[in-house]
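# Observations on chain architecture
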Amino acid sequence: MDVLNDNANIPPVQLTEKSQFKFACHPGLSCFTRCCRGINITLTPYDIIRLKNRMQIPSDEFLAVYTVPHLLEKTDLPVVTLRMLDDEQKSCPFVRDDGCLVYSDRPTTCRYYPLGVGTLSNKEQQAGGFYFFVQEPHCLGFEEDREWTVAEWRKDQGVDVYDAVNAEWTDLIVRKRSIPSNIRLTEKTKNMFFTASYDIDRFRRFVFESSFLDLYNIDKQTVEKIREDEIALLQFGFRWLKWLLFKEGDFQMDEAAVKARQEKMGPHPSA
Ligand code: SF4
Ligand code: SF4
């Protein structure tokens, strides 16, 4: 189930939301759970929230135990993949003989399968999308009779909800890809991208336990919302990253607070 490496023997067919296909996956198939071994699953920010809550552990513990860090090609941005077990088949840590242990919280890539996504751009997805069949030889699901459109499949698998939560984050990656690769990010910016994208508990501490709320004019309603609502905090983080990477958005620094801080400690880290 590797959407990053589609089978080279099968020419990729570009699909849109309206494209139709036949597919079904169920325990009666001899291939059941074969797709959950030896795979490469890049995790999205909302994947991490769902999985760490499912495991009832903090985000930093989830990241340490269940993920491997990478730099995303062409963007210089840090991302994580799900860490496979060190067994012969490189199994997913959540696969069992009777299926996926975390099925209702499974990652975006698992929800899309047997489809892959040809673009991360939210704008292009809204314009009809670009999808393709992953179609690995061991997958017998294509021999079943259940018919779907791509749009029906996305809704049935709940991936439309995941994509909506992650939309501003995926747009950041698409935009960063279009910037010349010789423009490098500082380690500090990369760390902030990683924290706001993946380590939500640490990001919460950064917002509420540092001087962040003194330095930025954030309205009270937003502060209360992100204090209570983890998804709102995550999406606030995406907007913060947009400001950090592209200096765009509605973040405004409190000049008096910045000056006072500079006098006390030197320049702000984002400067
Ligand atoms: S049908 Fe495909 S997706 Fe379903 S278990 Fe078999 S290999 Fe996996
Ligand atoms: S998270 Fe679940 S569906 Fe995804 S690879 Fe692991 S066992 Fe399979």
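Look up a bit, the structure's there.
A brief report on the enclosed structure follows. Everything numeric here is computed off the predicted structure, so don't read it as measured data. Chains are numbered independently. Their residues run from 1 in the order of the written sequence. Chain letters and ligand numbers both follow the written order, the letters beginning at A and the numbers at 1. Under the rules for a predicted model, residues below a pLDDT of 70 receive no local features and side-chain atom pairs below 80 are neither given nor counted, while totals for whole chains, interfaces and linings still include all residues. Computation of side-chain values: all heavy atoms of the structure, hydrogens and water removed.

### A closer look at the overall build of the protein
Each helix is a run of H or I in the DSSP string that is no shorter than four residues. Each strand is a run of E no shorter than two, and both are numbered from the N terminus. In terms of regular secondary structure, the protein is built from twelve helices and nine strands. Buried, partly exposed and exposed residues are distinguished by accessible area as a fraction of the type maximum, computed with a 1.4 Å probe on protein chains only: under 20%, between the cut-offs, and over 50%, respectively. Counting all 271 residues of the protein, 49% fall into the buried class. We call two residues in contact when some of their heavy atoms are within 4.5 Å. Pairs at least 24 residues apart make up 72% of the contacts formed inside the protein by residues separated by at least 6 positions. All accessibility values rest on the Shrake-Rupley procedure with a 1.4 Å probe; residue burial counts only the protein chains present in the view. Counting every atom, the protein has about 14600 Å² of accessible surface; 50% of that belongs to carbon and sulfur.

### Concerning the site of ligand 2
In the vicinity of ligand 2, the residues found are Cys36, Ile39, Ile41, Cys92, Phe94, Val95, Cys100, Pro107 and Cys110. Charged means Asp, Glu, Lys or Arg here, nonpolar means Ala, Val, Leu, Ile, Met, Phe, Trp, Tyr, Cys or Pro, and polar covers whatever is left, Gly included. Here the shell around ligand 2 is composed, by residue class, of nine nonpolar, no polar and no charged. Consider each residue's heavy atoms; a residue with any of them within 4 Å of a molecule or strand counts as near.

### Examining the packing of helix 1 (residues 45-55) against helix 6 (residues 159-177)
Between two packed helices, what matters for the description is the angle formed by their axes and the separation of those axes. For the pair helix 1 and helix 6, the least separation of the axes is 8 Å and the interaxial angle reads 130 degrees. As judged from the angle between their axes, helix 1 and helix 6 are oblique. Here helix 1 contributes Pro45, Tyr46, Asp47 and Arg50 to the contact with helix 6, which in turn contributes Tyr162, Val165, Asn166 and Trp169. The residue inventory of the contact of helix 1 with helix 6, partitioned by class, reads five nonpolar, one polar and two charged. Orientation is described by lines fitted to C-alpha atoms, with helices fitted over the stretch in contact, and by angles between N-to-C directions that extend from 0 to 180 degrees. Should an angle fall under 35 degrees it is called roughly parallel, over 145 degrees roughly antiparallel, and 65 to 115 degrees roughly perpendicular, with every other angle called oblique.

### Let's talk about the packing of helix 1 against helix 11 (residues 230-246)
Two elements in contact, helix 1 and helix 11, have axes separated by 11 Å at closest approach and are oriented at 150 degrees. Relative to helix 11, the element helix 1 lies roughly antiparallel. The way helix 1 lies across helix 11 gives a crossing that is right-handed. Facing helix 1, whose interface residues are Pro45, Tyr46, Ile49, Lys52 and Asn53, helix 11 presents Glu230, Ile231, Leu234 and Phe238. Among the residues making up the contact of helix 1 with helix 11, the classes are represented as six nonpolar, one polar and two charged. Left-handed is the label given to a crossing in which the near helix is rotated counterclockwise from the far helix by less than a right angle, and right-handed is the label when the rotation is clockwise.

### Things to note about the packing of aromatic side chains
Any pair of Phe, Tyr and Trp rings, taking the six-membered ring for Trp, is counted once the centres come within 6.5 Å. Such a pair is stacked with planes under 30 degrees apart, edge-to-face with planes over 60 apart, and tilted for the rest. Applying the stated criterion across every chain, the model contains 25 aromatic pairs. Aromatic rings pair up to connect Phe203, Phe206, Phe212, Tyr216, Phe236, Trp240, Trp243 and Phe251 into one cluster. Here, a charge over a ring is recorded when the distance from Lys NZ or Arg CZ to the ring centre is within 6 Å and its angle to the ring normal is within 35 degrees. Just above the ring of Phe246 sits the side chain of Arg175; from NZ or CZ to the centre is 4.1 Å. Over the face of the ring belonging to Trp243 we find Lys247, whose NZ or CZ atom lies 4.3 Å from the ring centre.

### Examining the site of ligand 1
Around ligand 1 sit Phe23, Cys25, Leu29, Cys31, Phe32, Thr33, Cys35, Tyr113, His138, Cys139 and Gly141, and that is every residue in its neighbourhood. Here the shell around ligand 1 is built from residues that sort into eight nonpolar, three polar and no charged.

### Overview of the pattern of salt bridges
Every case where a carboxyl oxygen of Asp or Glu lies within 4 Å of a side-chain nitrogen of Lys or Arg is listed as a salt bridge. Scanning the entire structure with this criterion turns up 16 salt bridges. Notably, a salt bridge pairs Asp76 with Lys190, separated by 3.4 Å at the nearest N-O pair. Here Lys190 lies in helix 7 (residues 187-198) and Asp76 lies in the loop between strand 3 (67-72) and strand 4 (77-82), a separation of 114 residues in the sequence. For Asp76, a relative accessible area of 8% puts it in the buried group. The salt bridge involving Lys225 is made with Asp229; its shortest N-O contact spans 3.4 Å. Since its relative accessible area comes to 46%, Lys225 is described here as partly exposed.

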